[in-house]
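Chain and residue survey
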Amino acid sequence: MLTRKLPLLISAQGIHWSQQRILAAVSQICMLLVSVIILTNIIITLGERRLQEDWATQRYSELQAVGALISDKVTFQQFRTQMFAKSGLLKQYLALPSSENQQRLLDNWDVLVDNVPELLGIALYDPQGQHKFASSNDFGKESLPPALLGSTRNMGGSEIYTSPLEFTPINGQLEPYLYQFAWLENPDQSVRGYLVTYNSMSKMLKSIKPAYSSKQAPLMMLDTQGLLYAGAQTNTSVSRLPETMGGSLKQSYPALWRKMAMSNFGQFHGDVATFVYLKVELTTQYETRREYFLLSYIKNEDIAANFAQWRNILIIGAVVLTSLSILLIFLTHMYRLVQRSREFSIYMTNRLFDTEMGCIIASDTGRVVTSNSAASVLLSLPVDDLSDRSLQRILNLDDDEYSQFINHLETEKVWQKELYSNSSARTWLMVRVKYEVSIDNKRRYMLVTFEDITELKQSQKHAKLNHLLNDVPMASVLTDPKGNVLKSNPAFNQLLQIEADKPINVSSVLSEDFNKQWPQIAQQLQIQGSWIGQVFVVVDHLQDHCLQATLKGHLDSAGELQFVLCSFEQSLQKNAYREGPNSVPLRSTIFNHKDDLERYFNNLSQTCKDFSSLLMIDISAEGMLSHMSDLGQLETRQREVEIHLLRDLPHRYQMSHWQLGKLIIVLPDTNSDQAHYFALESLNKLNENGLGDGICIGIASYQAGQDLEQLIANSEVALKRAKQTGEQNICQAFTRLLT
């Protein structure tokens, strides 16, 4: 009936993008964008890396081919040098060293140099290693190395010595070359002379690497010390590479050189380029073992340029996929909104008035159109009597109040007020009125809701009474069975000078003896219900530290202690236990706060300070804090250690908590030797009681002008040293000599 009478009463029955729905759609789109961006970057990075690996594999194969060709070239040059040493013109000159034979030999050498590209020159030396003549003035002027001459040499006969790479200036440029050394011997193996051929390494590389002649495939040759012998490029855009012959890669690019020095071949991915290197041997003879690195690289920007087409395809595909996914998300939310709008319209039509909250729909003139049964119960009026009744009469408003109500509703769109019902139920109602517009924006309705707040008003009344009852001059506090404060009145906070609602334990502001007696007091509260006695308060602003305490226990349904109500009044009598035989000296109590320890230290006389020491004790055994569940075990161990230390602690010494697992003991009027003896004696007693495992002690002596912070810092340094020794668990720092 209601569905036929008032279809789509309010705009809330239509499709609405709520803030939660918008946030959900935006978060899904943001997660989609982030996921697509990350996935696209990963695919592009993997693609570029795969291209780098393919290039590196191909370039490594080329380097292997070049290395093999270089070794073959050097081997062939050795054979060629041996042929030059056995030539007839050379033997004729050695047999008859005339100027004509010398000239014919030089002419023959010039022909060889002109026809062999990598051959730079040929020189002849006498048996003493002195230069005789050469085909070029660029070589042969220096004498031969003494290690290759005389009886100490290990090579000779038909063997060929290959030198390491060297530089020589030719036509104003440094030319990398190596020379090969052949012995010219008599039949009795005596030396007649030496023949040396000089070969260019750069020309050798050009002749065997046509694929490396372009700039896209550079090739560099370095020795095992990182010096560049071939392949220098002054116009290269790859920074940190040597630009001149003889430059050191070890100094310009240490990271690349460390990688090369650790292996004979491999890859190195730098910030600018990717490098491939291979170690080759020019000759395998033991006496003439020569090893060099072949290095090639490709710039990362070139790899990125080669991958640009695939990158563009991936980006376009990601944009299209993202757009389709965003459209799908939008359509999905629209579909859900339409479905929920239909469901909500049906639910609102059929179930709006079937709730415990009173609801009335009135016209914009203030006449009730319909109401539910809950409103009838709350207003104590039959449903039929509510129909066509004036809203002003229901709300008990006079004409002026009703005019203000209409004006406020027109301005703010919402009006609410607490209303006391004079019916037999005597209830308090929260009335809320708002304007709603029909789906066609042609009709306007007032939606009125009534909520029973009688219990809330009663709770507020009780809370006010409790506040008035609690606002008394007697200090009162409510705790749990362990003494943790749940609620305290202002008198208690003012008496003990603590902050309101600060999580504390009542025993922490009372005496140590009361803290120890708390379990027995809690047991008495559970059995007898109350406890009365005098307690000692550790505060300085009270003239009399003794208070009269009255504790009352409240039990739960199971008979267990649930709450403890504590009341404190200042007592006129002194507490007997303060001076009894079981009292704990003030200097033997444990300070829980650093401020207390600083006040104690600052109040010491300067004479006591000058000969004072400080002990920092670490009681955490090895592996005790491997898991968070071990914290309870560490706290139990710390309490046991504290009890044994307090038992024999002298009256003038003071103990304080520093950190979990660490204690501090201040030793006034105690030099470093006495402090060390006290620490050793304490550690022995702990070992006797089975508590000395893992305990380390750091000792620091007071120096003139130090404060407590510096003294603690010195003891921490000593404690670290004690842990590092592994043999002795006691270490001193800043120990002074006493005269």
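1. Some remarks on the nonpolar core
- Counting 26 residues, the largest nonpolar core has Leu 510, Trp 531, Val 535, Leu 551 and Phe 568 as the members making the most contacts within it.
- Elements with a minimum of two residues in this core: strand E17 (475-479), helix H15 (490-496), helix H16 (512-528), strand E19 (530-536), strand E20 (546-555) and strand E21 (561-570).
- The element best represented in this core is H16, accounting for 5 residues.
- Contact partners of Leu 551, with chain neighbours within four places excluded, come to Trp 518, Ile 521, Leu 525, Gly 529, Ser 530, Trp 531, Val 564, Leu 565 and Cys 566.
- Within the second largest apolar cluster, 24 residues are counted, among which are Tyr 229, Leu 278, Val 280 and Tyr 292.

2. Here's the deal with a negative patch on the surface
- There is a patch of like negative charges on the surface, built from Asp 398, Asp 399, Asp 400 and Glu 401.
- Summarising the element assignment, Asp 398 is placed in the loop between helix H12 (391-395) and helix H13 (399-412).

3. A few points about helix H20 (residues 672-688)
- A rise of 1.5 Å per residue sets the reference length of H20, with its 17 residues, at 24 Å; its end C-alpha atoms lie 24 Å apart and thus fit the reference within 8%.
- Residues of H20 that are buried: Ser 672, Ala 675, Phe 678, Ala 679, Ser 682, Leu 683 and Leu 686. Along the long axis of H20, the arc covered by the buried residues comes to 130 degrees, so they all point the same way. What points out from H20, more than 90 degrees from its buried face, is the exposed set Asp 673, Tyr 677 and Glu 688.
- The N-cap residue of H20 is Asn 671: its side-chain oxygen and the backbone nitrogen of Asp 673 are 3.2 Å apart.

4. Observations regarding the sheet that holds strand E14 (residues 414-420)
- Spatially, 5 strands are ordered E13-E12-E16-E15-E14 in an open sheet, and the strand pairing comes out antiparallel. In the strand order of this sheet, the two ends are held by strand E13 (368-371) and E14, each with one partner. The mean angle between the axes of side-by-side strands here comes to 20 degrees, regardless of whether they run parallel or antiparallel.
- Examined bridge by bridge, strand E12 (residues 358-363) and strand E16 (residues 444-452) share 6 bridges and lie antiparallel to one another. The residue of E16 that forms the bridge with Cys 359 is Thr 449.
- Against the sheet, H13 makes contact with E14, strand E15 (428-437) and E16, and its axis sits at roughly 140 degrees relative to E14, the strand it touches most.

5. A few points about the sheet that holds strand E25 (residues 662-667)
- Strands sit in the order E22-E24-E25-E23-E26-E27 across an open sheet of 6 strands; the sheet is mixed. If you trace the sheet from one side to the other, it starts and ends with strand E22 (590-591) and strand E27 (730-733), each paired once.
- Two strands pair when backbone bridges link them, and strand E26 (residues 696-701) and E27 are joined in this way by 4 bridges, in the parallel orientation. The residue of E27 that forms the bridge with Ile 697 is Ile 730.
- On top of the sheet, H20 reaches strand E23 (613-618), E25, E26 and E27; it is set at about 160 degrees to E27, its chief contact.

6. Things to note about unusual backbone geometry
- Residue Asn 396 is not a glycine yet carries a positive backbone phi of 60 degrees.
- For Asn 396, the location among the structural elements is in the loop between H12 and H13.
- For Asn 396, a relative accessible area of 53% translates into the label exposed.
- Although it is not a glycine, Asp 669 sits at a positive phi angle of roughly 55 degrees.
- Looking at the secondary structure, you find Asp 669 in the loop between E25 and H20.
- We classify Asp 669 as partly exposed; its relative accessible area is 45%.

Rules used in this analysis
- Residues numbered from 1 in each chain as written.
- Predicted model: local features only at pLDDT ≥ 70, side-chain atom pairs only at ≥ 80, totals over all residues.
- Heavy atoms only, no water.
- Core = buried A, V, L, I, M, F, W, Y, C linked by side-chain atoms within 4.5 Å.
- Buried < 20%, exposed > 50% of the residue type's maximum accessible area, 1.4 Å probe, protein only.
- Helix = DSSP H or I, 4+ residues; strand = E, 2+ residues; numbered from the N terminus.
- Contact = heavy atoms within 4.5 Å.
- Patch = residues over 30% accessible without salt bridge, like charges linked within 9 Å, V, L, I, M, F, W, Y side chains within 5 Å.
- Areas by Shrake-Rupley, 256 points an atom, 1.4 Å probe, with all protein chains shown as cover.
- Salt bridge = Lys/Arg side-chain N within 4 Å of Asp/Glu carboxyl O.
- Lys, Arg positive; Asp, Glu negative; His and termini not counted.
- Charge placed at Lys NZ, Arg CZ, Asp CG, Glu CD.
- Expected span 1.5 Å × (residues − 1).
- Arc of directions from axis to C-beta.
- Polar contact = N/O pair within 3.5 Å; in protein donor to acceptor, adjacent residues only side chain to side chain.
- Pairing = 2+ DSSP bridges.
- Axes fitted to C-alpha atoms, helices over the stretch in contact; angles between N-to-C directions.

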